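These are the residues of each chain, in order.
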Amino acid sequence: MASRRRTLRDARPRPDRDRHTAAAAGGLTMPAAVDAQLERLTAADPELAAAGAQAHDRLRAVLTASTALADHLTLHPEQWRRVGDDGYPEALAEAADEHEVRLAYRGGLLRVAAADLTGEWDFAQVTAELSALAEHTLRAGLRIAREETPDAETATLAVIAMGKCGGRELNYVSDVDVVFVAEGDLDVATRVAARLMAVCGHAAWPVDAGLRPEGRNGPLVRTLASHVAYYKKWARTWEFQALIKARPVAGDAELGARWLDELRPLVWTAADRGEVVGEVRAMRRRVIAHLPKADAEKEIKLGRGGLRDIEFAVQLLQLVHGRSDTTLRDPSTLKALAALTTGGYINREDGGTLAEAYRFLRTVEHRLQLQRLRRTHRIPDDPEAVSWLARVMGHRTGEQFLTEWRGYAREVRRLHEKLFYRPLLEAVAKVPTSALRLTPKAAEERLTVLGFADPAGALRHIEALISGVNRTTAIQRQLLPVLLGEFADAPEPDRGLLAYRQISDALGRTPWYLGLMRDGGPIAQRLAFLLGTSRYVTELLARDPAALRMLADDRDLAPRDPRTLTEGMSAAVARHEDPAAAVAALRAMRRRELLRVASADLLGLIGIEEVGTALSALTDAVLAATLSIVDPGGRLAVIGMGRLGGAETGYGSDADVLFVCADGDETAATECAERLRALLSAPAPDPPLDIDAGLRPEGRQGPLVRSLSAYRTYYARWSRVWEAQALLRARFVAGDAGLGAEFIAMADRIRYPAGGLTDAQVTEIRRLKVRVDTERMPRGADPSTHTKLGRGGLSDVEWSMQLLQLRHADKVESLRTTGTLEAISAAADALLLTPADAEALGLAWRLVSRVRGALMLVRGRPSDQLPIRGVALAGVTRALGRPLDEDPGAFLDEYLRTTRHSHAVAETVLYD
């Protein structure tokens with residue numbers, strides 16, 4: 001962020017006040033007309049000659065920047081004195097009619113313009129003085145109106161300034177927005193208000209009462225009770241947004257104060273009334289949509305990257321966060337922006353950029369309006385007019401000015417999108433105001449309601465996170481109401497909050513952490529969901545908290561493609577001479593990728609097939625990189641078996657492999673294989689990758705590594721049908737590619753036997769399946785909900801497909817695949833399965849595989865038993881992305897129904 005802002009500043013002239021005022025004050029060659037008018041003014045009033053350099057500088061600045069004020073001085077040359085005279089309040093207080101009000105108002109305008117253009121006052125003081133000038137003008141208009149209205153004493157009237165006047169940030173030419181509140185005779189009060197509007201409209205600017213209740217269709221004047229009733233019952237979001245800037249400025253001060261005391265609190269509960277965030281966003285979009293395209297590109301107020309983008313972003317943040325933080329309730333845009341920045345709601349760089357852009361755009365607005373005292377917010381099309389504007393803004397050329405303006409517009413638009421559409425903002429808005437401001441006792445009661453088993457302990461975690469008055473704790477106060485709601489949706493809220501505190505303790509002093517939680521798109525909600533759902537993810541993040549940055553963007557959560565993984569791990573190995581250090585780096589990279597895949601899985605960004613492919617590619621890459629360390633001579637080929645070979649690896653899967661070497665390399669190759677296994681499974685903080693070579697010939701009793709010739713001999717002479725079945729998953733994954741290809745070619749002859757299986761071999765497979773179902777089922781396990789060996793589970797689906805492959809792949813080439821789902825699809829295409837049976841097997845395989853993965857993610861350890869009730873089942877359904885309001889029992893029914901259908905199909909395939 002800081003570098004982005006520095007780049008913006010370096011690419012354009014700085015918009016400092018001195019440069020903007022120097023041009024108008026005499027930094028450029030003055031037109032001859034200015035000198036001529038000064039001479040005429042001096043001739044009309046000789047005192048001007050003796051007035052001194054300061055008065056002359058002020059006059060030159062005004063005459064250069066404003067033809068309208070120059071014309072006014074031509075008609076009223078005596079008013080040159082007003083450029084240094086702050087006495088306009090007295091002049092307005094003494095004005096007897098509209099003409100005198102106009103003259104006094106223009107005199108005050110001369111003083112503000114002179115101080116603005118010569119740099120005597122900064123931007124904030126200029127807008128405050130313009131607002132004060134408007135207040136005094138309203139008071140003068142009200143006084144005259146009351147004097148002219150019969151029975152005026154029967155009504156009490158207060159004038160409430162809205163908009164920029166209410167925020168003390170008025171510009172030179174603008175309607176002045178007001179609301180009228182009265183007591184007594186409302187007819188009389190209405191006549192007084194109408195006359196006030198007429199006086200000020202003729203003398204200075206239109207008075208706009210369109211922000212009143214019911215707008216232009218509502219009565220001009222209402223009682224306090226009527227105002228309160230309207231705002232409590234019928235007011236819309238934009239009306240509360242407008243009230244942020246409301247301020248009594250004229251008339252009965254006591255009535256105005258009571259009006260403000262009654263209505264201002266309603267602003268800070270407006271977010272409880274509905275979709276306040278969506279409504280404010282929609283209103284901003286409507287403004288943009290109704291702008292003509294030509295205007296949208298040149299409008300500095302309403303167009304993209306204009307003042308409204310800043311103001312709407314600030315006001316939306318005020319509406320949402322101002323409910324609990326009273327420091328954010330200032331009606332001034334700049335002061336509110338400063339409070340938002342100080343309070344940690346906007347980061348310092350963004351807050352500084354927005355404040356800088358706001359001053360720049362408002363200064364452009366002022367210069368445009370001063371020229372002819374016309375209400376305009378549009379960059380002119382005429383190149384000469386742009387050149388004039390550039391000069392009074394302190395630029396040498398129009399192109400320099402346009403470059404600066406466009407740079408600000410781009411930054412404003414970027415930051416508007418970032419703040420206005422921040423997911424956290426919408427989440428905070430949904431938290432009731434009462435939940436944002438809690439005493440310790442009330443907080444503990446709320447935690448109980450949210451489902452925390454140990455509310456006192458949860459409160460201690462919260463107090464530890466928000467104790468203090470620094471920006472870190474300020475941001476935590478924004479985050480926690482949202483995060484607590486997310487944790488409350490988890491089966492074990494206490495565990496999620498504890499994990500969040502641990503992550504925060506680990507990263508609390510890291511400059512980017514909480515800013516990223518606040519600004520990083522969906523990070524906060526995603527982190528809360530993951531911590532509340534998955535022990536597996538929590539453990540990975542505890543080891544590498546900085547990895548949570550990837551939660552900001554769906555693209556960062558997309559699994560890395562195999563080539564990227566392989567290249568990255570090869571580069572990591574090359575950076576380390578020590579093998580142990582190189583493998584430690586590989587395991588750390590693997591941990592980061594496991595977190596990426598698990599997070600994407602839990603967040604519903606990828607499906608079960610992508611999970612299996614991604615985890616298998618990750619294992620391939622780790623094996624290849626480790627093999628390059630332990631076997632630089634290239635003696636080995638690693639063949640993936642089981643789920644690795646089928647590219648169906650799960651989170652808790654071992655890497656089932658066979659090791660193959662060339663003839664004569666058995667001893668050295670065995671040393672390499674043993675070293676590879678030791679390095680990848682050695683105790684370490686990162687998850688181990690256990691290498692399982694149990695599917696090799698003769699099982700664990702046979703040699704770890706065999707030559708290709710030895711494999712050929714074994715499979716030709718001694719292999720059993722189950723070993724041909726195991727080879728159905730064989731896939732080259734790492735090492736010597738040529739050796740791997742030869743092994744796969746040899747395996748094809750075994751796993752796709754010519755003529756299929758004999759009856760005896762089919763019987764043998766059936767016998768083995770029965771033994772697996774009965775002997776390997778854990779004691780006490782429920783066969784109806786065991787994901788691997790249970791009825792209709794993975795074993796049923798995979799064995800039935802493998803039997804079809806062994807029997808028919810010699811003739812049906814599409815069955816020659818290592819993937820289960822591909823085999824199901826191929827069997828259906830070959831009419832070996834009916835479409836309904838294929839669908840039943842595919843649905844079951846996907847569902848059971850997802851459940852098996854969810855069990856690992858939720859518990860942090862492998863499990864095959866689906867729980868049938870309670871917190872454990874709720875955790876699984878949450879990990880699967882089931883609706884929060886769904887009864888977990890409904891999912892259990894779906895699981896049983898799906899696996900029952902799958903089991904029926906498997907029985908038909910295996911035993912018919």
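Residues numbered from 1 in each chain as written. Predicted model: local features only at pLDDT ≥ 70, side-chain atom pairs only at ≥ 80, totals over all residues. Heavy atoms only, no water.

Describing the overall build of the chain
If you tally the helices and strands in the chain, you get 44 helices and 10 strands. Its C-alpha atoms give the chain a radius of gyration of 38 Å, more than 25% over the compact-globule value 29 Å for 912 residues. Along the first, second and third principal axes, the C-alpha set of the chain runs to 125 × 60 × 50 Å. Counting over 912 residues, the chain shows a buried share of 56%. (Helix = DSSP H or I, 4+ residues; strand = E, 2+ residues; numbered from the N terminus. Rg over C-alpha atoms; globule rule 2.2 N^0.38 Å. Buried < 20%, exposed > 50% of the residue type's maximum accessible area, 1.4 Å probe, protein only.)

Digging into the packing of aromatic side chains
Enumeration over the complete set of coordinates arrives at 15 aromatic pairs. Relative to Tyr231, the ring of Tyr230 has its centre 5.5 Å away and its plane inclined at 85°; by these criteria the two rings are edge-to-face. Both residues of the pair, Tyr230 and Tyr231, count as buried. With a centroid separation of 6.3 Å and an interplanar angle of 50°, the aromatic rings of Phe487 and Tyr500 are classed as tilted. Residue Phe487 is found in helix H25 (residues 471-488), and its partner Tyr500 is found in helix H26 (residues 493-507); the two are separated by 13 residues along the sequence. Accessibility expressed as a relative area gives 0% for Phe487, which makes it buried. Assessed through its relative accessible area of 1%, Tyr500 is described here as buried. Among the aromatic side chains, those forming a connected cluster through ring pairs are Tyr711, Tyr714, Tyr715, Trp718 and Phe743. The residue whose ring lies beneath Arg549 is Trp512, and the NZ or CZ to ring-centre distance is 3.8 Å. (Phe/Tyr/Trp six-rings, centres within 6.5 Å; stacked < 30°, edge-to-face > 60°. Lys NZ or Arg CZ within 6 Å of the ring centre and 35° of its normal.)

Observations concerning the side chain of Gln371
Inspection of the secondary structure assignment puts Gln371 in helix H18 (residues 348-372). On the basis of relative accessible area, Gln371 is assigned to the buried category, the value being 17%. Sequence-distant contacts of Gln371, defined by excluding residues within four places in its chain, comprise Ala65, Ser66, Thr67, Ala68 and Trp388. (Contact = heavy atoms within 4.5 Å.)

Things to note about the packing of helix H41 (residues 820-829) against helix H42 (residues 835-859)
In the contact formed by H41 and H42, the axes pass within 10 Å of each other and the chain directions differ by 175°. Relative to H42, the element H41 lies roughly antiparallel. Residues Thr820, Leu821, Ile824 and Ala828 of H41 form the contact with H42, whose own contacting residues are Ala838, Leu841, Gly842, Trp845 and Arg846. (Axes fitted to C-alpha atoms, helices over the stretch in contact; angles between N-to-C directions. Parallel < 35°, antiparallel > 145°, perpendicular 65-115°, else oblique.)

Observations regarding the packing of H42 against helix H43 (residues 870-879)
Direction vectors running N to C along H42 and H43 enclose 110°, while the axes themselves pass 9 Å from each other. With respect to H43, the axis of H42 lies roughly perpendicular. Taken as a pair, H42 and H43 cross one another with a handedness that is right-handed. Residues Ala854, Leu855, Val858 and Arg859 of H42 pack against Ala872, Gly875, Val876 and Ala879 of H43. (Left-handed = near helix turned anticlockwise from the far one by under 90°.)

Some words on the pairing of strand E7 (residues 655-661)
Strand residues, when the strand is regular, have side chains that alternate between the two faces of the sheet. With seven of its seven residues buried, E7 lies for the most part within the structure. Strand direction decides the pairing type here: strand E6 (residues 636-640) and E7, joined by five bridges, are antiparallel. Bridged to Val638 within E7 is Phe659. Direction of pairing for E7 relative to strand E8 (residues 691-692): parallel, over a ladder of two bridges. Within E8, the position partnered with Asp656 by the bridge is Asp692. Handedness of the crossover is the feature at issue here: the chain leaves E7, passes through helix H35 (residues 666-681), returns alongside E8, and the resulting connection is right-handed. Direction of pairing for E7 relative to strand E9 (residues 705-707): parallel, over a ladder of three bridges. (Pairing = 2+ DSSP bridges. Right-handed = clockwise from strand over helix to strand, strands pointing away.)

Let's talk about the nonpolar core
Grouped together as the largest cluster of nonpolar side chains are 213 residues, with contacts concentrated most on Phe401, Tyr500, Leu623, Phe659 and Leu833. Every residue in contact with Phe659, bar those within four places of it in the chain, is listed here: Leu636, Ala637, Val638, Ala673, Leu676, Arg677, Ile691, Leu704, Val705, Arg706 and Tyr711. Judged by nonpolar contacts, the second largest core, of 71 residues, contains Ala145, Ala182, Val192 and Ala209. (Core = buried A, V, L, I, M, F, W, Y, C linked by side-chain atoms within 4.5 Å.)

Details of the pattern of salt bridges
Under the criterion given, the structure shown has 62 salt bridges. Here Glu239 and Arg236 are joined by a salt bridge, their closest N and O atoms 4.0 Å apart. Here Glu567 makes a salt bridge to Arg563, at a shortest N to O gap of 3.0 Å. Here Arg563 and Glu567 lie together in helix H31 (residues 562-574), a separation of four residues that amounts to about one turn. Classification of Glu567 by relative accessible area gives partly exposed; the value is 46%. Using a relative accessible area of 63% as the deciding quantity, one classes Arg563 as exposed. The network of salt bridges with common partners includes Arg543, Asp544, Arg591, Arg592 and Asp686. (Salt bridge = Lys/Arg side-chain N within 4 Å of Asp/Glu carboxyl O.)

Digging into the environment of Gly521
The residue Gly521 is located in the loop between helix H27 (513-519) and helix H28 (523-533) in this model. Taking the C-alpha atoms as reference points, Gly521 and Tyr421, 100 residues apart in sequence, are found 8.6 Å from one another.

Details of H25
Spanning 18 residues, H25 covers 26 Å between terminal C-alpha atoms, matching the ideal 26 Å at 1.5 Å per step. In H25, a bend of some 35° at Leu479 exceeds every other bend along the element, and Pro481, a proline, comes one to four places later. Counting buried residues in H25 gives 14 out of 18 residues, a clear majority hidden from the surface. (Expected span 1.5 Å × (residues − 1). Bend = angle between axes of the 7 residues up to and from the residue.)

Thoughts on the environment of Tyr172
Assignment of secondary structure puts Tyr172 in the loop between helix H9 (163-166) and strand E2 (176-184). Discounting residues that sit within four places of it in the chain, Tyr172 has contacts with Tyr105, Leu109, Val112, Ala113, Asp116, Val126, Leu130, His366, Gln369 and Leu370. For Tyr172, the side chain forms a polar contact with the side chain of Asp116, separated by 2.7 Å. (Polar contact = N/O pair within 3.5 Å; in protein donor to acceptor, adjacent residues only side chain to side chain.)

Observations concerning the state of the cysteines
For the coordinates displayed, the defined rule picks out zero disulfides. The thiol sulfur of Cys200 is not disulfide-bonded, and the nearest other cysteine sulfur, from Cys165, lies at 10 Å. There is no disulfide at Cys672, and the cysteine sulfur nearest it, in Cys661, is 9.8 Å away. (Disulfide = S-S within 2.5 Å.)

Concerning the pairing of E6
The buried fraction of E6 amounts to five of the five residues, a majority that puts the element mostly inside the structure. Of the two faces of E6, the one lined by Leu636, Val638 and Gly640 and the one lined by Ala637 and Ile639 are each fully buried. Bridge count between E6 and strand E10 (residues 731-735): four bridges; the pairing is antiparallel. Looking at E10, one finds that Gly640 is bridged to Arg731.

Some words on helix H5 (residues 67-75)
Every buried residue of H5 is listed here: Ala68, Leu69, Ala70, His72 and Leu73. Considering only its buried residues, H5 is in contact with helix H3 (32-44), helix H4 (53-65), helix H7 (98-117) and H18.

Focus on unusual backbone geometry
For Asp151, which is not glycine, the phi torsion reads 60° and is therefore positive. The topology assignment puts Asp151 in the loop between helix H8 (123-148) and strand E1 (155-161). Looking at Asp151, the relative accessible area reads 46%, which means it is partly exposed. The backbone phi angle of Ala647 is positive, close to 55°, even though this residue is not glycine.

Re the environment of Val188
By the element assignment, Val188 lies in helix H10 (residues 186-203). Counting along the chain gives 35 residues from Val188 to Glu153, while the straight-line C-alpha distance between them is 8.8 Å. Residue contacts for Val188: discarding those within four places in its chain leaves Thr149, Pro150, Asp151, Ala152, Thr154 and Ala155.

Focus: the confidence of the model for the chain
Averaged over the chain, the pLDDT score is 91; the fraction of residues at 70 or greater is 96%. Contacts from residues 1-29, a stretch scored under 50 in pLDDT, to residues over four places away or in other chains number 64 contacts. (pLDDT = per-residue confidence, 0-100.)

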